[in-house]
Amino acid sequence: MAVSVSLRTYLQEQMGQIRPVSSRPMFGGLCFFAEGRAFALAAEDTLYFKVDDTNRPDFEAAGMGPFLPFGDPAKPMGYYELPAEVLEDPDQLAVWMAKAIAVAARAKSKVRSNPKRK
């Protein structure tokens with residue numbers, strides 16, 4: 001799931017125009033963070049944004065599919081491929097990033113609100 005150095009630099013620059021973004025290697029790919037929240041990942045030179053029922057229809061309408069790290073369509077992760085044209089348009093990118101960051105914020109709060117099982 002390697003990500004080229006050139007793509008990492010490009011993604012960091014594009015998203016960094018919108019708001020501060022950091023990245024770190026994770027499971028052979030990259031995970032991107034904004035406001036301390038993991039909202040995007042890159043694997044095999046493809047960028048994916050975090051989704052839930054609020055923004056998944058945007059990705060599906062654009063013909064994009066889920067991240068399938070194990071190749072099994074029955075086990076998708078909660079990330080969908082970002083359309084290339086969105087990455088090229090700062091106005092669109094700002095909207096899609098905001099939605100993905102909001103999804104990450106909701107997911108993080110759900111984890112905190114669930115009591116630990118014993």
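Residues numbered from 1 in each chain as written. Predicted model: local features only at pLDDT ≥ 70, side-chain atom pairs only at ≥ 80, totals over all residues. Heavy atoms only, no water.

Student: Help me out: how do you make sense of helix 1 (residues 5–16) in this one?
Tutor: Residue pairs three or four apart in sequence face the same way in an α-helix, which turns once every 3.6 residues. With twelve residues, helix 1 extends 16 Å between its outermost C-alpha atoms, agreeing within 8% with the 16 Å of an ideal straight helix rising 1.5 Å per residue. Burial in helix 1 covers these residues: L7, L11, Q14 and M15. The buried side chains of helix 1 occupy one side of the element, clustering within an arc of 85° when seen end-on. Exposed residues lying more than 90 degrees from the buried face of helix 1 are V5 and S6. (Helix = DSSP H or I, 4+ residues; strand = E, 2+ residues; numbered from the N terminus. Expected span 1.5 Å × (residues − 1). Buried < 20%, exposed > 50% of the residue type's maximum accessible area, 1.4 Å probe, protein only. Arc of directions from axis to C-beta.)

Student: Is there a simple way to think about the layout of surface pockets in this case?
Tutor: Rolling a probe over the atoms, with the probe sized like a water molecule, indicates the empty space that remains. In this structure, the largest pocket occupies an estimated 240 Å³ of space. Together, 14 residues line the largest pocket, and M26, F27, L41, F67 and M77 are the ones closest to its centre. Contributions of two or more residues to the lining of the largest pocket are made by strand 2 (29–34) and strand 3 (37–43). Broken down by class, the residue content of the lining of the largest pocket amounts to 13 nonpolar, one polar and no charged. (1 Å grid on protein atoms, 1.4 Å probe; cavity = no way out; pocket = protein on both sides within 12 Å on 5 of 7 lines; lining within 4 Å. Points joined across faces, edges and corners; volume = space filled by probe spheres on them. Nonpolar A, V, L, I, M, F, W, Y, C, P; charged D, E, K, R; others polar.)

Student: Help me out: how do you make sense of the nonpolar core in this one?
Tutor: Looking at soluble globular proteins, one finds that nonpolar side chains tend to be buried together. Counting residues in hydrophobic clusters, the biggest one holds 26 residues, and the most contacted among them are M15, F32, F39, L47, F49 and L82. If you list the elements that add at least two residues to this core, you get helix 1, strand 2, strand 3, strand 4 (46–50), helix 3 (84–88) and helix 4 (90–113). Examining the composition of this core, we find that six residues originate from one element, helix 4, more than from any other. If you look at the next biggest cluster of nonpolar residues, it comprises five residues, including L41, A43, Y48 and F67. (Core = buried A, V, L, I, M, F, W, Y, C linked by side-chain atoms within 4.5 Å.)

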